[in-house]
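Spelled out from the first residue to the last, the chains are:
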There are 2 protein chains.
Amino acid sequence: MTSLPLHERIRTDIESRILSGELKPGDKIPSEKELMSRYGCARMTVNKALSALNAAGLLDRRKRAGSYVARPRTVAMMLDVPDLPTELARRGQIYGFRLLDRRISDTRRWREIGKKIGCEGRVLVTHGVHFADDVPVAYEERLVSLAAVPEIESQDFANEPPGSWLLRHIPWTEAENCIGATGANAVTARALKVSIGTPCLSVERRTWRAAECITFVRQLYIAGSYELIARFGSTGRG
Amino acid sequence: MTSLPLHERIRTDIESRILSGELKPGDKIPSEKELMSRYGCARMTVNKALSALNAAGLLDRRKRAGSYVARPRTVAMMLDVPDLPTELARRGQIYGFRLLDRRISDTRRWREIGKKIGCEGRVLVTHGVHFADDVPVAYEERLVSLAAVPEIESQDFANEPPGSWLLRHIPWTEAENCIGATGANAVTARALKVSIGTPCLSVERRTWRAAECITFVRQLYIAGSYELIARFGSTGRG
DNA sequence: CAGCAATAAATGTCTATACATAATTGCCCA
DNA sequence: TGGGCAATTATGTATAGACATTTATTGCTG
């Protein structure tokens, strides 16, 4: 009997009636006044519940008009993009990283690099392999803008892959993932110790901090060794 | 000069200091008491701002201990789960669907079906191919619980694939996607007119309505023909 | 009947207060 | 020294009231 707080109970009451289809998009929700007498509580309590549903995108609220069930625009789900070392540790596997190559390039001389990362200037380029229990699971190519992250030039990535280093040191405001499938090519197949053409999950990610591109990464996970999980749960809470 | 409400100003103040890196993961945020004297307002106002940041996952708040900048474990991103017909129409391609097989099975006789969908009873099983401009792009296997969706038994899916029909008719409360890569097997390769072993993006999705499983679907997208996009923007707000 | 103005109804924000709950800190005693 | 209890502190929840803002409705007027 941990009895939820009242505002959460009001929230989940309405939420479940929306999600179950009992309340359809466009339907009107009782006014705060009505709900406060129905639940026998103060208006702030009802307001907290409805504001949360509004913030979660389940309700549209307009002054004087009332609260209405929002019509869903896009079906969006939460995708947990994992940090590989963290994720493997959680599974009880031993994580390893081997740096295959590390060089500094310049978008003015190597155009295709600028195209990938989407910025100008000097760029740190690394290639490496992620291991789980000494078995290769992923190949990684990474570009890091040295204009945005000059400190990274002094890192050797002996103990920590560039991605984890960046995650710990560099805050970012926006990112975009592109998820697809592809076959391993000659270079990646050799690094991952699989045959050419082996299916791989491909994750490409660009990360920005306030309009400035920080890094581009392309990871190839050997089919079956790794999967992404995306959830849509009733709410963003948990 | 519409001057934001105070609680939003407090929120964005702190939020921008987190996102800019001025406040790092693990750093302590001033207590509500301190913030209320700093902004010259009541505690509820500060509380509203901090609670919102907490709900957004930017803060960890613990009683007695205080509020701390959350350390991003797995970064949650928004994944737009596509409805294939809608998505292709948006791209200006002509969508098509061919039903290859349709049967009704029972989890009590076919155990592996019950295992996939995670429920008991009679199940509608369909196999089909999605086309873009008459070219196959995806193979789909779908299981639908007839206990949860009896109406679907009378559908023939001549005009509309089962997924779109479900999306339009059946509300759901929870879903989970599992995204990986795999090679086409004999059956799927023949249906997609590719050679066996061709890399494919695999999306498996289970959908529930209030603890009752509605449907399981497994889609195989031919590598290169389709990609998922996931975005993360600074805040969950619009 | 059209257009405009007043009214009322709903949400939005904020205050000041109260008590509840959890966790840290430190003190006391074995 | 160390274990356990109590005091303290910060957050969590809730109340009752006030005023602001937006906008649908109503009613008045030409």
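Everything here concerns the structure above.
The present account deals with the structure reproduced in this document. As the structure is a prediction and not an experimental result, all values here were calculated from the model.

### A few points about the relation of the copies chain B and chain A
Then, number 1: Expressed as a screw operation, the relation of chain B to chain A combines 0.7 Å of axial shift with a rotation of 179°, fitting to an RMSD of 2.1 Å. Each copy turns onto its partner about a two-fold axis. Across chain B, the smallest distance between a C-alpha and the rotation axis is recorded for B:Pro199, namely 1.8 Å.

### With respect to the sheet that holds strand E1 (residues 28–29) of chain A
Residues and elements named next belong to chain A.
Then, number 1: Strands sit in the order E1-E3-E2 across an open sheet of 3 strands; the sheet is antiparallel. One side of each edge strand has no neighbouring strand; the edge strands of this open sheet are E1 and strand E2 (59–62).
Then, number 2: Here E1 pairs with strand E3 (residues 66–69) via 2 bridges, running antiparallel. Following the sheet pairing, Lys-28 is matched in E3 by Tyr-68.

### Brief notes about the interface of chain B and chain A
Then, number 1: Taken together, the contacts link 43 residues of chain B with 42 residues of chain A.
Then, number 2: Summing both sides of the interface, chain B and chain A together bury roughly 3,700 Å²; the carbon and sulfur share of this comes to 62%.
Then, number 3: At the boundary of chain B and chain A, one finds 2 residue pairs in polar contact (both at pLDDT 80 or more).
Then, number 4: Broken down by secondary-structure element, the contributors of at least two residues to the side of chain B that touches chain A are helix H1 (6–19), strand E4 (75–80), strand E8 (174–183), strand E9 (199–209) and strand E11 (228–232) of chain B.
Then, number 5: Two strands pair when backbone bridges link them, and strand E11 (residues 228–232) of chain A and E8(B) are joined in this way by 5 bridges, in the antiparallel orientation.

### A look at the protein's contact with DNA strand D
Then, number 1: In the region of DNA strand D, 22 residues are neighbours, and A:Leu6, A:Thr45, B:Arg43, B:Arg61 and B:Arg64 sit closest.
Then, number 2: Looking at DNA strand D alone, sugar and phosphate atoms form 66% of those within 4 Å of the protein.
Then, number 3: Contact between DNA strand D and A:Ala42: a phosphate oxygen at 2.9 Å from a main-chain N or O atom of the residue.
Then, number 4: At a separation of 2.5 Å, a phosphate oxygen of DNA strand D approaches a polar side-chain atom of B:Arg61.
Then, number 5: Contributing elements (two or more residues each) for the surface near DNA strand D: helix H1 (6–19) and helix H3 (43–55) of chain A together with helix H3 (43–55), strand E2 (59–62) and strand E3 (66–69) of chain B.
Then, number 6: Tallying contributions element by element places H3(A) first for the surface near DNA strand D, with 4 residues.
Then, number 7: Across the surface near DNA strand D, the residue classes break down as 6 nonpolar, 6 polar and 10 charged.

### Brief notes about the nonpolar core
Then, number 1: One finds A:Leu79, A:Val149, A:Ile152, A:Leu201, B:Ile179 and B:Leu201 to be the most contacted residues of the largest nonpolar core, which totals 43 residues.
Then, number 2: Here B:Ile179 is in contact with A:Leu79, A:Ile179, A:Leu201, A:Tyr226, A:Glu227, A:Leu228, B:Leu79, B:Leu201, B:Ser202, B:Val203 and B:Leu228, once residues within four sequence places are set aside.

### Section: the pairing of strand E6 (residues 122–132) of chain A
Within a regular strand, side chains alternate between the sheet's two faces.
All names here are of chain A.
Then, number 1: Burial runs high along E6: 10 of the 11 residues are buried.
Then, number 2: Pairing of strand E5 (residues 95–106) with E6 involves 11 bridges; the strand directions are antiparallel. If you follow Asp-101 over to E6, its bridge partner there is His-127.
Then, number 3: Where E6 hands over to strand E7 (residues 135–145), the hairpin turn is made up of 2 residues, of which Asp-133 adopts a positive phi near 50°.

### Quick look at empty space enclosed by the protein
Then, number 1: Overall, the coordinates contain 3 cavities of 30 Å³ or more when judged by the stated rule.
Then, number 2: The space that makes up the largest cavity amounts to roughly 380 Å³.
Then, number 3: Taken together, 26 residues form the lining of the largest cavity, with A:Asp83, A:Arg142, A:Gly163, A:Leu167 and A:Arg205 sitting closest to its centre.
Then, number 4: Those elements that place two or more of their residues in the lining of the largest cavity are helix H4 (84–90), E7, helix H6 (162–169), strand E9 (199–209) and strand E10 (212–222) of chain A together with E4 of chain B.
Then, number 5: Here the lining of the largest cavity gets 5 residues from one element, more than from any other, and that element is E10(A).
Then, number 6: Classifying every residue of the lining of the largest cavity by side-chain character gives 15 nonpolar, 6 polar and 5 charged.
Then, number 7: Approximately 50 Å³ is the volume attributed to the second largest cavity.
Then, number 8: Contributing to the lining of the second largest cavity are A:Leu79, A:Val81, A:Pro82, A:Asn177, A:Val203, A:Arg205, A:Gln219, A:Tyr221 and A:Leu228.
Then, number 9: Elements with a contribution of two residues or more to the lining of the second largest cavity: strand E4 (76–81), E9 and E10 of chain A.
Then, number 10: Its residues assigned to classes, the lining of the second largest cavity shows 6 nonpolar, 2 polar and 1 charged.

Rules of the game
- Residues numbered from 1 in each chain as written.
- Chains lettered and ligands numbered in written order.
- Predicted model: local features only at pLDDT ≥ 70, side-chain atom pairs only at ≥ 80, totals over all residues.
- Heavy atoms only, no water.
- Least-squares fit on C-alpha atoms with pLDDT ≥ 70 in both.
- Pairing = 2+ DSSP bridges.
- Helix = DSSP H or I, 4+ residues; strand = E, 2+ residues; numbered from the N terminus.
- Contact = heavy atoms within 4.5 Å.
- Buried area = accessible area lost by both parts, 1.4 Å probe.
- Polar contact = N/O pair within 3.5 Å; in protein donor to acceptor, adjacent residues only side chain to side chain.
- Near = heavy atom within 4 Å.
- Nonpolar A, V, L, I, M, F, W, Y, C, P; charged D, E, K, R; others polar.
- Core = buried A, V, L, I, M, F, W, Y, C linked by side-chain atoms within 4.5 Å.
- Buried < 20%, exposed > 50% of the residue type's maximum accessible area, 1.4 Å probe, protein only.
- 1 Å grid on protein atoms, 1.4 Å probe; cavity = no way out; pocket = protein on both sides within 12 Å on 5 of 7 lines; lining within 4 Å.
- Points joined across faces, edges and corners; volume = space filled by probe spheres on them.

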